[in-house]
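Read off the chains here:
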Amino acid sequence: MDECMLDSTSVIKLPPHHSGKVRDIYKIPENENLLLFVTTDRISAYDVIMGEGVPDKGYTLTQLSLLWFDMMSDIVPNHLVTADVSKYPESCQPYAKYLVGRSMLVKKLNVLPIECIFRSRLTGSYWNAYKRAIVQRTESRYVSFKEVCGFKFPTNLQENYEIMPPLFTPSTKANLGVHDENVSIANASEMVGMEILAKVQDVGSRIFARAIEYASERGIIIADTKFEFAYDENTGKIYLVDEVLTPDSSRFWPTDKVRLGITPPSFDKQFLRDYLSQLDWDKTYPPPPLPKDIIVGTKERYSEILLKLLL
Ligand SMILES: Nc1ncnc2c1ncn2[C@@H]1O[C@H](COP(=O)(O)OP(=O)(O)O)[C@@H](O)[C@H]1O
Ligand SMILES: [Mg+2]
């Protein structure tokens, strides 16, 4: 489909399961254990869905997720059944032309109520929290440090400082219109159980490490990312679900443009956020209209990262 598919999944007359900021998810009448996962061209910033879509964005997010699902399948199983529309159940076939390239048939799973965020650079909300954190001293009073989400850091770090090994900073999954919030490891452990939390931390760290290596060979730094996992009580298995390592869920930076202390130009929503932050807009609905060059610039960034990672 050529045109921007912003809200046109309304042409799909399957029973709705859930509509998120970016995806419209449908039930499959033939099989209650499956879902049709359609990625639209909608874009959100500060958890507000913009009035305009970004052409081809749903395609880019889907193709990147497919790349990573495949690459990580020996580390963790995932929710993908197939992205080959000709293999979807009969009830999906009337919509085939809208689904090609931007949809997946997935297993319906119980998604854990936490977002598994991994960070390899001090940036974004974590950098802001670091800057705000008060300087503390150890009991001996000789060593000062800052504490962010339970992790201790030296007090003199600059923006983009490389965090090795990457940090696991889970957050709550907020409902539409409410911002996600960082939670401590202890709170996250209360929410999903200690064993499951340890498992998603282990799996997430391994996926992130492999992705960082793959991306670095292509001149890309992955500064942070968010994974979602599901737990299947019947099999006791953890599944990787949702989208994986896309420009919506991750910060991708061109390696050659990254310097300590400056925010690098990124292949993600930062371009849109930068535009929005100059406006007198309170980051609630309704969103401001987006000028054409901001939409085109965002589309170009999404397309560029797809090519860099896929080729
Ligand atoms: N396999 C799955 N089974 C059930 N729900 C899923 C599965 N994979 C992802 N989800 C959920 O589907 C939604 C994806 O839609 P999206 O537009 O990204 O939502 P959000 O606005 O919450 O980010 C998320 O709420 C995610 O947790
Ligand atoms: Mg999402």
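Above this text you will find the structure in question.
Remember, predicted model here, so these are calculated numbers, not experimental data.

Trainee: I'd like to hear about the sheet that holds strand β11 (residues 151-153), residue by residue, with values.
Mentor: Strand order in the open sheet formed by 3 strands is β9-β10-β11, with antiparallel pairing between adjacent strands. In the strand order of this sheet, the two ends are held by β9 (136-137) and β11, each with one partner. Here strand β10 (residues 144-148) pairs with β11 via 3 bridges, running antiparallel. Bridging from a neighbouring strand, Val148 pairs with Phe151 of β11.

Trainee: Before we move on, could you go through the sheet that holds strand β7 (residues 103-107) and cite the residues and values that matter?
Mentor: Across the sheet, 5 strands lie side by side as β1-β2-β3-β7-β6; this open sheet has antiparallel pairing. In this open sheet, the two edge strands, each paired with only one partner strand, are β1 (16-19) and β6 (80-82). In this sheet, adjacent strand axes meet at a mean angle of 30 degrees when their direction is disregarded. Sheet analysis places strand β3 (residues 34-39) next to β7, joined by 5 bridges and oriented antiparallel. Within β7, the position partnered with Leu34 by the bridge is Lys107. Sitting on the sheet, helix α1 (residues 57-71) touches β3, β6 and β7, and the angle it makes with β3 is about 130 degrees.

Trainee: Pulling in residues and values, what's your account of unusual backbone geometry?
Mentor: Between Met164 and the following residue, Pro165, the backbone shows a cis peptide bond with an omega angle of -10 degrees. Its location among the elements puts Pro165 in strand β12 (residues 162-168). Put simply, Tyr285 and Pro286 share a cis peptide bond, and its omega is -5 degrees. Residue position: Pro286 is located in the loop between α6 (270-277) and α7 (292-310). Backbone geometry at Asp47 places phi at a positive 65 degrees, although glycine is not the residue there. By the element assignment, Asp47 lies in the loop between β4 (44-45) and β5 (48-49). Phi is positive for Asn160, close to 80 degrees, though the residue is something other than glycine. By the element assignment, Asn160 lies in the loop between β11 and β12.

Trainee: Provide a residue-level description of the site of ligand 1, including the pertinent values.
Mentor: With respect to spatial proximity, 17 residues lie near ligand 1, and among them Gly20, Lys21, Arg23, His79 and Val241 are the closest. The set of elements that each furnish at least two residues to the shell around ligand 1 consists of β2 (23-27), β7 and β14 (220-232). For the shell around ligand 1, a count of residues per class yields 8 nonpolar, 3 polar and 6 charged. Taken domain by domain, the makeup of the shell around ligand 1 includes at least three residues from each of domain 1 (1-108) and domain 2 (110-273).

Definitions and cut-offs
Residues numbered from 1 in each chain as written. Chains lettered and ligands numbered in written order. Predicted model: local features only at pLDDT ≥ 70, side-chain atom pairs only at ≥ 80, totals over all residues. Pairing = 2+ DSSP bridges. Helix = DSSP H or I, 4+ residues; strand = E, 2+ residues; numbered from the N terminus. Axes fitted to C-alpha atoms, helices over the stretch in contact; angles between N-to-C directions. Contact = placed C-beta atoms within 7 Å. Near = placed C-beta within 6 Å. Nonpolar A, V, L, I, M, F, W, Y, C, P; charged D, E, K, R; others polar. Domains from an automatic or database assignment.

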